[in-house]
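Chain and residue survey
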Amino acid sequence: MMRRRETTAKAVENTDMDSDLSQATSSEEDNDEWRPTQPKPKAPSRAAKAPAAAGEKKAAVKRTAKPKEPKPPKAPKVPKVPKPRAPRKPAAERKTQAPKVLRDPGAPAMLGVKRKNIDEGEKDYTAAEKKEEKQTDCLKEERAEKSGPSSRMKSERVSFIVSDANQAGEGPSLAGLRAKKEEVEDFTFDEPNQKKQKTSGACLGRSTLPSSEKKTQWNELNMSWDLIELVSTLTCVEKWVCVNVIGLLREENTVPFMVRYRKELINHMDADAVRDVQLIYEELCSLAKKTQSVVQTLKKDGTLTTELEQNLKSCRSADELDHVYAPYKKGSKLTKARRAKALGLEAAASALMDAPHTLDLRGWVKPGTEGLSTIEEVTTGVEHILADMIAKDPETLTFMKTLCERRNVTIQSSVSKAALKEKEQKPVDAFKKPGAQQNKSKDIDKFHLYVDFSANIHRIQPHQTLAINRGESLKILTVKVNVPDEVKNDFTWWCINNRWKPRTFAKDELRAVIMRAVEDSYKRLILPFFTRSYRTKLTSAAEKESIAMFVRNIRQRLLVCPVRGCVIIGVDPGFRHGCKLAVLSPTSQILHTDVVYLHTQSQKNEAEKLRHLILKYSCSKVVIGNGTACRETESVFADLISRRCFHPLDVSYCITSEAGASIYSVSPEAIKEMPDMDPNHRSAVSIGRRVQDPLAELVKIDPKHIGIGTYQHDVSAGGLKTALDGVVQECVSFVGVDINICSETLMRHVAGLNAGRARSIADWREQNGPFVNREQLKLVKGMGPKTYQQCAGFIRINPQTLLSAKSSPHPVPEKPAAKKGKKKTCVTMPTSVNPLDQTCIHPESYVVAQSFLSLVGGSADQIGSAGLQQCVESKVGTSSVEKLAETLGTTPETLQLIIDGLTQPPGFDIRQNFGQADFKRGIVSMSDLRVGAVLTGRVDNTALFGAFVDIGVGRAGLIHKSKITLNKLPVNQRRRSLALGPGERVEVRVLSVDQERGRISLDLIRILQ
């Protein structure tokens, strides 16, 4: 056997994790529907078996890995027998007992997972932690009861079971990582808040599970690295926060729900930071799954060794895994090293390193055998085996990485030979295909900045990376990574004199073999691997930054303050086909559609027609799309306004983006909403509604078509869609939706809902009339406990909307029992209006909210009134929020949310803090600009290299990112990348005007608040 080289990799302790996991009941959330609260059937032997429950846990977990395991009942469905569990505390005792947690910021344990047995080493560690906890002030009395069963969660709990890799019925993938849901009780929010504060059952402060559950985290993915530690390192987030975020994700909590209602668990992180943790976690889970699949494949092929398995499980990225697995892939031709090993030369290579004084390569020559017929072939085979060993050695790769970090490794791009050849084609060829040749020349001109480009790999900007990649994909640019020759010299010297130095004396010809093997490994294997690795990392980082820019842009575009209370006319400009008009009421209802031809010889008559429409419907605001004929249409309106043609109305207009309007106008959603309307008129309706309520309108359009960000076609389509869908869900949820008037399209973007559940809510609303309170959501088909928990806080019941709806009462229908008990049964629900349903307060906190109202001497009917605000301010002024939260048995974060919900005026909209569209009455042309002129404008779009600002001249000016310095930004925006986003008003100075190319360069003076 070949000698195994020593490495510097840390050994990871592998422990049996089966004993760390609790039993769970498998169910599917989508099919989980609401059931009336009924007493649980008691197992007579449960109390008797409680002492032995911990000992039986390991075997029970392994049984759950079988795919056909029978499920214990969720409701009183018999005759299935529930599995033995630890005894539960009486209801009276649980109502008075606060959740118990351990304040351990570094414990990489998972939420929702219980552990029964702790080995002696862990007991010592836990005892030390208990001693440290006595110095804290978080639930001191409850900590003394730690030896007893901890409090259970009231909502669904998720456990992850890692099955034995060799168990029958499991595939080669990470089949062990499966979500198991355990319904401890029927879901309800009508119990005291102490038991309902968090799905994790955690308390104030750094809420994590006890440290005795750490090893569950370490081994759950069956990899050599620690999951929590690696996620914390990659995201720069504290370990205890990573523990909680991953636990909440496993419990199927949405990002908006976590950010608003679980702030204490995630350390007040924003949605972007939570999504970063989620992305890294999902990538690592995917890597672990792929690794397990590779291990099973190699095991089946008989090529898996202990060392190879360890190398595979040590990989921290898909690129590293591919590098290790590439030589063993099926279908690919055998590598040079594997062909040499097949000839039996592995023993010779091992002897060359361990005992070269005993090696005689001439003895390995076998005339007539291909690959061994001459001494040269034998020597070449040994060199290939050594080169492969060197290229896969972790310590060698680490040293190579260190050398590259110390040197100036650059990425270089130049015009490709194919592009130059096409550009230099004869005039005859250009005459045959003038259009194609001209387009090719234009494409090359677009990349003039990168025809002779070079940058350090650590300093290249994300937009430069994406531009180079695009040029390479178009075969216009040739890209390569340049590693200095000093790296090769230092690497070769270190290998020969240190890492790959023979143990005993070696002859000169054998030393030459090692030298050639090192050089071959560097040139043929290691250098290409590092080149691919650098390109992959640069592309990945650039894509993440580009997607983050998309997310920031679309968030600010969606949260633009709506223009309410006035009639608006939307204009889709055009030349030949005229300007399409749509008159919209203050509630976005379509009053009239028409077409006017403002750019023809009959302009005067068409202008009179337009004047008549505006005066008839009292339109004071005009919204013009920024497409074809926008500038000319704006000029017409500016001229009519200056001549007071619309007197006595004070008419103003604004320009808005019409990106995606044409696509939406022919979409199934638009056809369903406006079935008998011309698609061109639908575009005008969409343009007008984008100013009336940007969020409600823009959610109907694919985020990629809204016209924000850059390089959207150069990034991962799946990653971009996931990120944009996430930020749309975040915006819709945080703004909230009035469940009785919102569209089905808007509703499906609420956290916890999807297209099917939104359809069910809309159907229920059509059949039974408006929702009176949030409790009635439980009657909707498919609305299970988890779905209700996630969406309830973001759904509003506006009393004014409720009164304006059909006033006739709609009795709650008694739905017939369905097959297999999947349908709802008749449930008694309150039919009265709850004032708290119009606030951001979650139903799980209603008990605390009522207690707080009693404490301050107010009532729910006073929500948003000045009197209640004075009472709350007086109470908070005399006693801090922290003390009040302790008195009410809740967290300061939850109490602050309750205070906000009670004091905000009815109909409060978080978008009122964002700017509206800018309406104007005059027009300025680009020729009027002068260098040094100070103007105000609004950011239209941001890219990785700067921000584009609309200054009202028909062309957006660019503020290069070098002009966006910290001293020009407000304090609260200095942590953001680029710090500017669409919709922000800025004051700028004109630096240069290029009339010929239509470019305006601006300098940022300040951001206008």
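Placed above this text is the structure.
Within any chain, residue numbers begin from 1 and follow the written order of that chain's sequence. Since the coordinates come from a predicted model, pLDDT governs what is reported: local features require at least 70, and pairs of side-chain atoms require 80 or more to be given and counted, while whole-chain, interface and lining totals use all residues. Each side-chain value is worked out from all heavy atoms of the structure, with water and hydrogens disregarded.

**Things to note about the overall build of the chain**
For the chain, the count of helices and strands is 36 helices and 19 strands. Every residue pair with non-hydrogen atoms within 4.5 Å of one another is taken to be in contact. Contacts spanning at least 24 positions in sequence make up 74% of the contacts within the chain whose residues lie at least 6 apart. Accessible areas in this description were obtained via Shrake-Rupley with a 1.4 Å probe; residue shielding takes into account the shown protein chains only. When the accessible area of the chain is evaluated, it comes to approximately 48,300 Å², of which 52% is carbon and sulfur surface. Numbering goes from the N terminus for both helices and strands, where a helix is a DSSP run of H or I of at least four residues and a strand is a run of E of at least two.

**Structural notes on the sheet that holds strand β7 (residues 477-482)**
Two strands pair under a simple rule: DSSP has to find at least two bridges between them. The strand order β6-β5-β7 describes an open sheet built from 3 strands, whose pairing is antiparallel. The sheet is open, and its two borders are formed by β6 (452-456) and β7, each paired with just one other strand. Going across the sheet, the axis of each strand differs from the next one's by a mean of 15°, ignoring polarity. With 5 bridges connecting them, strand β5 (residues 410-415) and β6 associate as antiparallel partners. Within β6, the position partnered with Thr410 by the bridge is Asn456. An axis is simply a line fitted to the C-alpha atoms; with a helix, the fit covers only the stretch in contact. Between two such axes, the angle follows the N-to-C directions and lies from 0 to 180 degrees. In the packing of helix α19 (residues 462-473) onto the sheet, the strands contacted are β5, β6 and β7, and the crossing angle to β7 comes to about 125°. In the packing of helix α21 (residues 508-558) onto the sheet, the strands contacted are β5 and β7, and the crossing angle to β7 comes to about 115°.

**Structural notes on helix α33 (residues 846-856)**
Every α-helical turn comprises 3.6 residues, leaving residues that sit three or four positions apart pointing alike. Residues Tyr846, Val848, Ala849, Phe852, Leu853 and Val856 constitute the buried set of α33. Looking straight down α33, one finds its buried side chains confined to an arc of 155°; they lie on one side. Directly after α33, the chain includes Gly857, whose backbone phi takes a positive value near 80°. For every residue, the accessible area obtained with a 1.4 Å probe (protein chains only) is divided by the maximum for its type, and the residue is called buried under 20%, exposed over 50%, and partly exposed between those limits. Each C-beta atom gives one direction from the helix axis, and the arc is the one those directions make.

**Let's talk about the packing of helix α14 (residues 375-391) against α21**
Contact geometry for α14 and α21: axes closest at 8 Å, N-to-C directions at 55°. By the angle between their directions, the pair α14 and α21 is classed as oblique. When you trace α14 past α21, the crossing you get is right-handed. Together, Thr379, Val382, Glu383, His384, Leu386, Ala387, Asp388, Ile390 and Ala391 of α14 and Val513, Ile514, Arg516, Ala517, Val518, Asp520, Ser521, Arg524, Leu525 and Ile526 of α21 make up the contact between the two elements. Taken together, the residues of the contact of α14 with α21 break down into 11 nonpolar, 3 polar and 5 charged. Angle categories: roughly parallel below 35 degrees, roughly antiparallel above 145, roughly perpendicular from 65 to 115, and oblique for all the rest. For any helix crossing, the convention is left-handed if the near helix is rotated counterclockwise from the far helix by under a right angle, and right-handed if that rotation is clockwise. Under the grouping applied here, Gly and all other residues not named as nonpolar or charged are polar, the nonpolar ones being Ala, Val, Leu, Ile, Met, Phe, Trp, Tyr, Cys and Pro and the charged ones Asp, Glu, Lys and Arg.

**What about the pattern of salt bridges?**
Salt bridges are counted wherever a side-chain nitrogen of Lys or Arg sits within 4 Å of a carboxyl oxygen of Asp or Glu. Counted by the stated rule, this structure contains 38 salt bridges. A salt bridge links Asp272 to Arg555; the nearest nitrogen and oxygen atoms lie 2.7 Å apart. Linking Asp272 in helix α9 (residues 271-301) with Arg555 in helix α21, this pair joins segments that are 283 residues apart in sequence. Accessibility expressed as a relative area gives 24% for Asp272, which makes it partly exposed. On the basis of relative accessibility, which here comes to 15%, the residue Arg555 falls in the buried class. The partner of Asp909 in a salt bridge is Arg564, and the shortest N-O contact between them spans 3.5 Å. Here Asp909 is found in the loop between α36 (892-903) and β15 (934-943), whereas its partner Arg564 is found in the loop between α21 and β8 (568-572), with 345 residues between them in sequence.

**Re the sheet that holds strand β12 (residues 652-656)**
One open sheet holds the 5 strands; their spatial order is β10-β9-β8-β11-β12, and the pairing between them is mixed. Each edge of the open sheet is held by one strand with a lone partner, namely β10 (590-596) and β12. Neighbour-to-neighbour, the strand axes of this sheet turn through a mean angle of 20°, independent of strand direction. Of the pairings in the sheet, the one linking strand β9 (residues 579-584) to β10 comprises 6 bridges and is antiparallel in character. Counterpart to Cys579 in the pairing with β10 is Val596. Relative to β10, helix α22 (residues 603-617) is tilted by about 170°, and along the sheet it contacts β8, β9, β10 and β11 (621-625). Contacts between helix α23 (residues 630-642) and the sheet are confined to β8, β9, β11 and β12, with β12 contributing the most and set at about 170° to the helix.

**Digging into the nonpolar core**
We call a set of buried residues a nonpolar core when its members are Ala, Val, Leu, Ile, Met, Phe, Trp, Tyr or Cys and they connect through side-chain atoms within 4.5 Å of each other. Of all hydrophobic cores here, the largest spans 160 residues; its most connected members are Val245, Leu312, Leu386, Phe491 and Ile761. Tallying contributions element by element places α21 first for this core, with 18 residues. In contact with Ile761, other than residues within four places in its own chain, are Ile739, Met747, Leu753, Phe771, Leu777, Val780 and Met783. By size, the runner-up hydrophobic cluster in this structure holds 26 residues, among which are Tyr617, Val636, Ile641 and Tyr653.

**So, the pairing of β15**
Pairing between β15 and strand β18 (residues 985-994): 5 bridges, direction antiparallel. Pairing of Val934 across the sheet is with Arg989, part of β18. A loop of 2 residues connects β15 with strand β16 (residues 946-950), the two strands running antiparallel in sequence.

**Some thoughts on the packing of α19 against α21**
Across the interface, α19 lies against α21 with an axial gap of 8 Å and an inter-helix angle of 115°. Seen from above, α19 lies across α21 with left-handed handedness. Across the interface between the two elements, Pro462, Thr465, Leu466, Asn469 and Glu472 from α19 touch Arg535, Leu538, Thr539, Ala542, Glu543, Glu545 and Ser546 from α21. Of the residues in the contact of α19 with α21, the class split is 4 nonpolar, 4 polar and 4 charged.

**Examining the packing of aromatic side chains**
Ring geometry is summarised as follows: Phe, Tyr and Trp rings, the Trp one being its six-membered ring, pair when their centres sit within 6.5 Å, and such pairs are stacked at plane angles under 30 degrees, edge-to-face over 60 and tilted between the two. One pass over the structure, following the stated rule, counts 10 aromatic pairs. For the ring pair Phe257 and Tyr261, a centre distance of 5.6 Å and an interplane angle of 45° mean the geometry is tilted. Of this pair, Phe257 and Tyr261 both sit in helix α8 (residues 255-261), 4 residues apart, which is roughly one turn of the helix. Note on accessibility: Phe257 and Tyr261 belong to one class, buried. Where Phe945 meets Phe948, the ring centres are 6.1 Å apart and the plane angle is 90°; that geometry is what we call edge-to-face. For Phe948, a relative accessible area of 24% puts it in the partly exposed group. Connected via pairs of aromatic rings, a cluster forms that spans Phe257, Tyr261, Phe734 and Phe794. For Arg499, the ring lying beneath its charged end belongs to Trp500, and the centroid distance is 5.6 Å. Above the plane of the ring of Tyr788 lies Lys778, whose end atom (NZ or CZ) is 5.3 Å from the centre. The rule for a charge over a ring is simple: NZ of Lys or CZ of Arg within 6 Å of the ring centre, and within 35 degrees of the ring normal.

**Notes on the environment of Thr891**
Its location among the elements puts Thr891 in the loop between α35 (881-888) and α36. Of the residues examined, Thr891 reaches a relative accessible area of 1% and is grouped as buried. In sequence terms Thr891 and Val881 are 10 residues apart; their C-alpha atoms lie 9.2 Å from each other. Counting of polar contacts relies on pairs of N or O atoms within 3.5 Å, with two restrictions inside protein: one atom must be capable of donating a hydrogen and the other of accepting it, and residues adjacent in sequence are counted only when both atoms are side-chain atoms. In this structure the side chain of Thr891 is engaged in a polar contact, spanning 2.8 Å, whose partner is the side chain of Thr894.

**Focus: unusual backbone geometry**
The linkage connecting His647 with the following residue, Pro648, adopts the cis geometry, with an omega of 15°. Position of Pro648 among the secondary structure elements: in the loop between α23 and β12. You will see that Asn267, though not glycine, has its phi angle at about 60°, which is positive. Topologically, Asn267 is positioned in the loop between α8 and α9. Exposure remark for Asn267: the relative accessible area of 36% places this residue in the partly exposed category.

**Comments concerning helix α7 (residues 239-250)**
A helix is expected to span 1.5 Å multiplied by its residue count minus one. Look at α7: 16 Å from first C-alpha to last across 12 residues, which is about the 16 Å you get at 1.5 Å a residue. Within α7, 11 of the 12 residues are buried, which leaves it mostly tucked inside the rest of the structure. Restricting attention to buried positions, one finds in α7 the residues Trp240, Val241, Cys242, Val243, Asn244, Val245, Ile246, Gly247, Leu248, Leu249 and Arg250. Glu252 sits one or two positions beyond α7 and adopts a positive phi of about 65°.

**Let's talk about the environment of Gln790**
With respect to the secondary-structure elements, Gln790 resides in helix α31 (residues 785-791). For Gln790, a relative accessible area of 2% corresponds to the buried category. Sequence separation between Gln790 and His842 is 52 residues, and the spatial gap between their C-alpha atoms is 9.4 Å. If near-sequence neighbours (up to four positions away) are discounted, Gln790 is found in contact with Glu252, Asn253, Thr254, Phe257, Ala751 and Gly752. A polar atom in the side chain of Gln790 sits 2.9 Å from the side chain of Asn253.

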